[in-house]
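Now for the letters of each chain:
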Amino acid sequence: MRQRYVIPPIDSSEITSESIYLKRRDFMRAAGLMAMPAMGGLSLAAEAAAVTTGASPLDYRKTSSVADGFRTDEQPTPAADITAYGNFYEFGTDKGDPGRYAHEMTADPWSIEVVGAVHKPGKLHLEDILSSFDLQERVYRLRCVEAWSMVVPWVGFSLADLLARFEPNSEAKYVEFETLYRPKEMRGTRSVTGTIDWPYREGLRMDEAMHPLTLMAVGLYGKTLPNQNGAPIRLVVPWKYGFKSIKSIVRIHLSEKRPVTTWESLAPGEYGFYANVNPEVDHPRWSQATERRLPSTLFRPNRIPTKMFNGYAEQVAHLYQGMDLARNY
Amino acid sequence: MERVARIGAFVLCLLPFAWVLYAAVSNSLGPDPAEAVMLFTGEWSLRMLALTLLVSPLRDLTGWSLLMKLRRMLGLYAFFYGGVHFLAFLQFYIGWVPSALTEELAERPYIALGFSALILMFPLAITSTRAMQRRLRSNWQRLHRLVYPAAVLACLHLLWQARSDVGEALFYVAIFIGLLVWRVRRRILKQKRSMIARL
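Residues numbered from 1 in each chain as written. Chains lettered and ligands numbered in written order. Predicted model: local features only at pLDDT ≥ 70, side-chain atom pairs only at ≥ 80, totals over all residues.

**Some remarks on the overall build of chain A**
Threshold: The secondary structure listing takes helices from DSSP runs of H or I that are at least 4 residues long and strands from runs of E that are at least 2 residues long, numbered from the N terminus. Exposed residues have 12 or fewer other C-beta atoms within 10 Å of their own C-beta, buried residues have 20 or more, and residues in between are partly exposed; the C-beta atoms are placed from the backbone. In this description, a residue-residue contact is defined by the distance between C-beta atoms placed from the backbone, which must lie within 7 Å.
On a plain count of helices and strands, chain A comes out with ten helices and twelve strands. With 329 residues in all, chain A has 47% of them scored as buried. The contacts of chain A with a sequence gap of at least 6 include a subset with a gap of at least 24, amounting to 70%.

Spelled out as structure tokens, the structure:
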């Protein structure tokens, strides 16, 4: 039954226009190579490689289903923007810091430890992950709690498939995730004025974790994940604010108790456990009614209304039936 | 000499604005120019405010009276960058809808704080001319003490936005505290001296 694996052409051009994808200035900015002399001599292919340092093409299946939320027809955000702009506080709080400093992290070798309420606790090495799961492309909207958003073509597999391997037992009510914490390679964690208690932690309710939309991403634009986007493996929960989609995961812990997540412990009045995208419940410091869909420009700020559950209400609203979403934010 | 210093300072202080304007128009601020412009102009307004307050300590230390002649310009630049910051906010976040602005001001304390700082700086800007200075006499100096609450509000505006790292906000808070402490100290020394003179 290996026919699920097709060897696809890397059809990034299907998604982003070739010209944007190959805009060399953006690539240089993305890779933080501004200061690098003699860039003039590099071929376009070399530049494409530079954007995702060490990135290699993945074998994956295309998705066509818009109805189940696996893909959106909205214009994807160019690769250069996705890799140059984002939050990954382990490398600094500026949006450009991950793109500048994440290359300092060693993403290979890598393994994920799965423990807690499972029949078969154990470790999964990156090679096994890449070779034994059915990789799929998912084009998801990503809505940051800071009111900006992107459309991202991920490559990955459902978290449910990964959890099934470890056979969760009846006590498994919640799933907790942990990001790598390696201060030597993560300069943001060395900040003396920072208030985050590392490692970064996130969590999901079991039914959220088992939902088919909940993705373990290993790739972006058809290639392995760049470090700044959470290499080598990260969570993507498209109906929740971006901070739920924890990056560079090293540990998964299933338990009966609801885990306390990083942002929840830092500012419980601002970031809840659920963090579902909800235009009607504002962040105490800013409105969540609209978002800036990136890339935006001075003359075209590209402000669009934010949708309930980030537009995935049809797929996920039933998970929260009867819950007061203003209280369970 | 004074002319050269004035023109030089004017051009230098305008450079950040020229750069950000060019970068915004040519779309080279990255995928989210809104955030980039807001951070940049806000920070330059704070810097100009700090430079304005740095003038008199620096003059006392160096005895260089030419510095005092630049103070008005620095203060006006603080107001200018604050104004550009506000205009960028209207363009990127408010979309020039008045009701959206009043809602933001009512519901987001950090925005109200920043806005208040700008409002406090407004009368200072319009009374900065020599004619107004003469007309207001001793009240002029009293009025212009509003710069201190404006600086405090601006710092709170920044501090209130920190999400997990307060480093940058604390940096500016420390600078303003230093400048205020110096002034309080100067005042106390002056009072002491006049007391001694009276004895």
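**Some points on the overall build of chain B**
Per the secondary structure count, chain B includes nine helices and zero strands. Scanning chain B from its N terminus toward the C terminus, one meets helices and strands in the order α-α-α-α-α-α-α-α-α. C-alpha extents for chain B along the principal axes are approximately 65 × 40 × 35 Å.

**Structural notes on the interface of chain B and chain A**
Under the convention used in this document: Each residue is assigned to one of three groups, with Ala, Val, Leu, Ile, Met, Phe, Trp, Tyr, Cys and Pro labelled nonpolar, Asp, Glu, Lys and Arg labelled charged, and all others, Gly among them, labelled polar.
With 19 residues of chain B at the interface, the matching set in chain A holds 23 residues. Mapped by element, the contributors of at least two residues to the side of chain B that touches chain A are α1 (2-25), α2 (33-62), α3 (68-94) and α9 (167-198) of chain B. A total of three residues in the side of chain B that touches chain A trace back to one element, the largest contributor, which is α2(B). Its residues assigned to classes, the side of chain B that touches chain A comprises nine nonpolar, six polar and four charged.

**Concerning the packing of α2(B) against α3(B)**
Two numbers describe a pair of packed helices, the interaxial angle and the distance between the axes. Residue and element names in this part refer to chain B. What counts is decided by this rule: Only the stretch in contact is used when a helix axis is fitted, and all axes are lines through C-alpha atoms; the angle between N-to-C directions ranges over 0 to 180 degrees. Every angle not falling under 35 degrees, over 145, or within 65 to 115 is termed oblique; those three ranges are roughly parallel, roughly antiparallel and roughly perpendicular. Each helix crossing is assigned a hand: it is left-handed if the near helix lies turned anticlockwise from the far helix by less than a right angle, otherwise right-handed if that turn is clockwise.
The N-to-C vectors of α2 and α3 enclose an angle of 165°; their axes lie 8 Å apart at closest approach. Relative to α3, α2 is oriented roughly antiparallel. In the crossing of α2 with α3, the sense of the turn from one axis to the other is left-handed. Its residues assigned to classes, the contact of α2 with α3 shows 19 nonpolar, seven polar and two charged.

**What about the nonpolar core?**
Which entries qualify depends on this criterion: Note on terminology: a nonpolar core is a set of buried residues of type Ala, Val, Leu, Ile, Met, Phe, Trp, Tyr or Cys, with members joined through C-beta atoms within 7 Å.
If you look at the biggest cluster of nonpolar residues, it comprises 64 residues, and the most contacted ones within it are Trp154(A), Met216(A), Ala217(A), Val218(A) and Leu235(A). No other element matches strand β4 (residues 148-158) of chain A, which puts six residues into this core. For Val218(A), the contacting residues outside a window of four places in its chain are Leu58(A), Ile129(A), Leu130(A), Val155(A), Gly156(A), Thr224(A), Leu225(A), Pro232(A) and Ile233(A). Counting residues in each nonpolar core, the second largest holds 35 residues, with Leu53(B), Tyr77(B), Ala78(B) and Ala154(B) among its members.

**Structural notes on the environment of Tyr174(A)**
All names here are of chain A. Looking at the element boundaries, Tyr174 is found in strand β5 (residues 174-179). On the basis of neighbour counts, which here come to 21 C-beta atoms within 10 Å, the residue Tyr174 falls in the buried class. Dropping the residues within four chain positions of it, Tyr174 is found in contact with Gly203, Leu204, Arg205, Met206, Ser255, Lys257, Arg258 and Pro259.

**A few points about the confidence of the model for chain B**
Residue and element names in this part refer to chain B. Let me state the cut-off plainly: Each residue gets a pLDDT score, which is the predictor's confidence in that residue and runs from 0 to 100.
With 100% of its residues at a pLDDT of 70 or more, chain B has an overall mean of 92. Of all helices and strands in chain B, the one with the weakest mean pLDDT is α9 (89), whereas helix α5 (residues 109-126) scores best (95). Per the prediction output, this complex has pTM 0.81; the corresponding ipTM is 0.77.

**Points about the sheet that holds strand β2 (residues 122-125) of chain A**
All names here are of chain A. The cut-off we apply is this: Any two strands are treated as partners once DSSP identifies two or more bridges connecting them.
The five strands lie next to each other as β2-β1-β10-β5-β6, forming an open sheet whose pairing is mixed. Looking along the sheet, the strands with just one partner apiece sit at the ends: β2 and β6 (201-205). Sheet twist, expressed as the average angle between the axes of neighbouring strands with direction ignored, equals 20°.

**Some remarks on the confidence of the model for chain A**
Residue and element names in this part refer to chain A. Summary statistics for chain A give a mean pLDDT of 86 and a share of 84% for residues scoring 70 or more. Low pLDDT, under 50, characterises residues 1-10; the predicted model gives this stretch ten contacts beyond four residues in sequence or across chains. Here residues 16-52 is modelled with pLDDT under 50, and outside its nearest four sequence neighbours on either side it reaches 44 contacts, counting other chains as well.

**A closer look at helix α8 (residues 147-159) of chain B**
Residue and element names in this part refer to chain B. As a reminder of what qualifies: What a helix should span is 1.5 Å times the count of its residues minus one.
Its 13 residues place the ends of α8 18 Å apart at the C-alpha level, agreeing with the 18 Å of an ideal helix rising 1.5 Å per residue. Every buried residue belonging to α8 is among Ala150, Ala151, Leu153, Ala154, Cys155, His157 and Leu158, and all of these are buried. In this structure, the buried residues of α8 make contact with α2, α5 and α9.

**As for the packing of α3(B) against α5(B)**
All names here are of chain B. Running from N to C, α3 and α5 point in directions that differ by 135°, and their axes come no closer than 10 Å. In terms of orientation, α3 lies oblique with respect to α5. Seen from above, α3 lies across α5 with left-handed handedness. Contacts between α3 and α5 involve Gly75, Leu76, Ala78, Phe79, Gly82, Gly83 and Phe86 from the first element and Ala117, Leu118, Met121, Leu124 and Ala125 from the second.

**Some points on the pairing of strand β11 (residues 290-293) of chain A**
Residue and element names in this part refer to chain A. Relative to β11, β4 is paired through two bridges, and the arrangement is parallel. Note on β11: the bridge partner recorded for Ser149 is Arg293. As paired elements, β11 and strand β12 (residues 303-305) share three bridges and run antiparallel to each other. Looking across to β12, one finds that Glu291 is bridged to Ile304.

**Remarks on unusual backbone geometry**
All names here are of chain A. With an omega of 5°, the peptide bond between Asp108 and Pro109 qualifies as cis. Mapped onto the fold, Pro109 is located in the loop between α5 (97-101) and β1 (111-116). Here the amide bond leading from Leu294 into Pro295 is cis, since omega sits at 0°, within 30 degrees of zero. Among the structural elements, Pro295 can be located in the loop between β11 and β12. Phi at Asn310 is positive, roughly 55°, even though this residue is not glycine. Structurally, the position occupied by Asn310 is in the loop between β12 and α10 (313-316).

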